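# Structural description and commentary
Residue-level listing of the chains:
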Amino acid sequence: MNWTEMDWAEAFPLRRSVPWRTLDTEALVVDVKSGLLYPLNSVGARIWELCDGARSVDDIVGVVAGEFAAPEATIRADTVEFIERLADAKLVSIERRRKGESR
Amino acid sequence: MRAGRGRPAPSSLAERAPRVEVAGFVFRVTGLAASDRVWVTERFAPFVSRRAPTVTVAVAATERYRRGRVPRPLATWRNGHFALASHPSRATGDLAGQRVRFSVGPGPALNPDLFRMLCGFLLAQAGGVLLHASAVVVRGRAWVFSGPSGSGKTTIAQLAGNRLVLNDETIALRPGRRAYTAHATPFYGSGGPAMARANRRAPLRGLCFLRKADRFSHRRLSPAETVARAFPEVMLPKRDARVAAELLGALAALAERTPAYDLAFAPRAELWEYLDELD
């Protein structure tokens, strides 16, 4: 299954154990494999915080839509793309499971 | 071939274990041959110190050549022990024991790249950073100019006129009670030894991340932007999670206490008037 076919209600992103910290509303994430630092803006920082393995992508979209003023469709598309990029950079892993299933 | 080898060793320069002071850390360098002692004393001349040592660096020459792998800088830190590597040399040690073992391959007895990395590591432990930057003291306070190679660090140092240049390539920043202090280092860039003539320091006025341009402009950076701009310019490998985490904390503290700017500049002396008018 590829990204476009994934059911986002059953996809649970989990931050990898990398050094990171927030400054004001932004976040800085270090990829120690490459030695690179990823600066995240306030929306990116919030999504990063929410990638705790307990929330699905749908849950994260819901939280972000409740906190930032933008159409939900825009937030959904942007959030999915952002999480895909984090996964490509191996900064988050995506676990697939049914809602309510224990990890 | 090592610089200094085969030359006579004047007695005044060939002390048994020269001491080099960088940003308040005093390194006592042992295990050197007489000619290498002369080389260290000459190469780091303005930074030679008589103060009590902070760390003993025991140098052991390992004239060994290894092939078949791409060397990359390394820094690891576990349970108080650390290892640093910058091909063809390595440093290992225990900070609690204040002793570092320096294994050097062909080249200078005190490999400046590795020595610089060691200084960066110790600074990070003390909450400071060793930054790829030049610095100029203006009315008693240091402007620090950082950026990748070619961004203009040495150009700005050469525009300093009668102002004190702390270095054109490598600056140490250490936190104090009220503000950070910028320290000179012996690790100069394309400006050569003239850019590291004195072991001086000054309170930090501000950080500028450079861009060359035809005219002057600037933008104040947020703390997060400051960390993001500074992180690649810190002279320390960042592939160890604990080292990277320590560094992230040190930079965040620096960014929250220091004004920082994105600075586009033209190579003209009016730079100093422009900086005077920054907020």
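The structure reproduced in this document is the subject of the present report. (Residues numbered from 1 in each chain as written. Chains lettered and ligands numbered in written order. Predicted model: local features only at pLDDT ≥ 70, side-chain atom pairs only at ≥ 80, totals over all residues. Heavy atoms only, no water.)

Here the second largest pocket is characterised by a volume of approximately 350 Å³. Taken together, 18 residues make up the lining of the second largest pocket; nearest its centre are Val 234, Met 235, Leu 236, Pro 237 and Lys 238 of chain B. Listing elements by their share of the lining of the second largest pocket, those giving two or more residues are strand S4 (36–40) of chain A together with helix H2 (112–125) of chain B. Its residues assigned to classes, the lining of the second largest pocket comprises 11 nonpolar, three polar and four charged. (1 Å grid on protein atoms, 1.4 Å probe; cavity = no way out; pocket = protein on both sides within 12 Å on 5 of 7 lines; lining within 4 Å. Points joined across faces, edges and corners; volume = space filled by probe spheres on them. Helix = DSSP H or I, 4+ residues; strand = E, 2+ residues; numbered from the N terminus. Nonpolar A, V, L, I, M, F, W, Y, C, P; charged D, E, K, R; others polar.)

Here the focus is the side chain of Glu 233 of chain B. Residues and elements named next belong to chain B. Relative to the helices and strands, Glu 233 resides in the loop between helix H4 (223–230) and helix H5 (241–257). Buried charge without a salt bridge: Glu 233, with Lys 153 as the nearest opposite-charge side chain at an N-O distance of 5.7 Å. Residue contacts for Glu 233: discarding those within four places in its chain leaves Leu 130, Leu 131, His 132, Ser 146, Gly 147 and Pro 148. (Buried < 20%, exposed > 50% of the residue type's maximum accessible area, 1.4 Å probe, protein only. Lys, Arg positive; Asp, Glu negative; His and termini not counted. Salt bridge = Lys/Arg side-chain N within 4 Å of Asp/Glu carboxyl O. Contact = heavy atoms within 4.5 Å.)

This paragraph deals with the sheet that holds strand S5 (residues 81–86) of chain B. Residue and element names in this part refer to chain B. The mixed open sheet is built from seven strands, whose spatial order is S1-S2-S3-S7-S6-S5-S4. This sheet does not close on itself; its edge strands, each paired only once, are strand S1 (19–22) and strand S4 (74–78). In this sheet, neighbouring strand axes are inclined to one another by 20° on average, regardless of whether the strands run parallel or antiparallel. Relative to strand S7 (residues 99–104), strand S6 (residues 89–94) runs antiparallel, the two being bridged by five bridges. Directly across from Asp 94, in S7, lies its bridge partner Arg 99. The strands touched by H2 within the sheet are S1, strand S2 (25–30), strand S3 (55–61), S4, S5, S6 and S7, with S5 carrying the most contacts at an inclination of about 145°. (Pairing = 2+ DSSP bridges. Axes fitted to C-alpha atoms, helices over the stretch in contact; angles between N-to-C directions.)

Here the focus is the sheet that holds S4 of chain A. Residues and elements named next belong to chain A. Reading across the sheet, the three strands line up as S2-S3-S4 and stay open at both edges, with antiparallel pairing between neighbours. Of all strands in the sheet, those with a lone pairing partner are strand S2 (20–23) and S4, marking the two edges. With direction set aside, neighbouring strand axes in the sheet form an average angle of 20°.

Moving on to the nonpolar core. Grouped together as the largest cluster of nonpolar side chains are 78 residues, with contacts concentrated most on Phe 27, Phe 102, Leu 110, Phe 115, Leu 118, Val 144 and Leu 173 of chain B. Look past the residues within four positions of Leu 118 of chain B in its chain and what remains in contact with it is Phe 27, Val 57, Phe 82, Leu 84, Val 100 and Phe 102 of chain B. Ala 27, Leu 50, Val 64 and Ala 87 of chain A belong to the second largest nonpolar core, which has 22 residues in total. (Core = buried A, V, L, I, M, F, W, Y, C linked by side-chain atoms within 4.5 Å.)

Here the focus is the interface of chain B and chain A. In this assembly, 16 residues from chain B lie in contact with 15 residues from chain A. Both sides together, the interface formed by chain B and chain A hides about 1300 Å², and carbon and sulfur atoms give 74% of it. For the chain B face of the interface with chain A, the top three residues by lost area are Ala 224, Arg 239 and Leu 248 of chain B, together amounting to 38%. Our count for the contact surface shared by chain B and chain A stands at zero salt bridges. Where chain B meets chain A, there are one residue pair in polar contact (both at pLDDT 80 or more). Counted by class, the side of chain B that touches chain A contains 10 nonpolar, two polar and four charged residues. (Buried area = accessible area lost by both parts, 1.4 Å probe. Polar contact = N/O pair within 3.5 Å; in protein donor to acceptor, adjacent residues only side chain to side chain.)

Applying the stated criterion to the full structure yields 13 salt bridges over all chains. In this structure, Asp 113 of chain B engages Arg 116 of chain B in a salt bridge whose closest nitrogen and oxygen atoms are separated by 3.6 Å. With Asp 113 of chain B and Arg 116 of chain B both in helix H2 and three residues apart, this pair spans about one turn of that helix. Note on Asp 113 of chain B: relative accessible area 42%, which makes it partly exposed. Note that Arg 139 of chain B and Asp 276 of chain B form a salt bridge whose closest N and O atoms lie 2.5 Å from each other. Highlighted residues: Arg 139 of chain B in the loop between strand S8 (129–138) and strand S9 (141–146) and Asp 276 of chain B in helix H6 (residues 271–276), separated in sequence by 137 residues. Overall, the relative accessible area of 65% leaves Arg 139 of chain B in the exposed class. Look at Asp 276 of chain B and you get partly exposed, because its relative accessible area is 43%. What emerges from the salt-bridge pattern is a single network uniting Arg 46, Glu 49 and Glu 67 of chain A.

Residue and element names in this part refer to chain B. Along the chain, Glu 169 turns up in the loop between strand S10 (164–167) and strand S11 (170–175). At 4.4 Å, Arg 116 is the nearest oppositely charged side chain to Glu 169, a buried residue that forms no salt bridge. With sequence-adjacent residues up to four places away left out, Glu 169 is seen in contact with Arg 116, Leu 131, His 132, Ala 133, Ser 134, Lys 153, Phe 187, Tyr 188, Gly 189 and Met 235.

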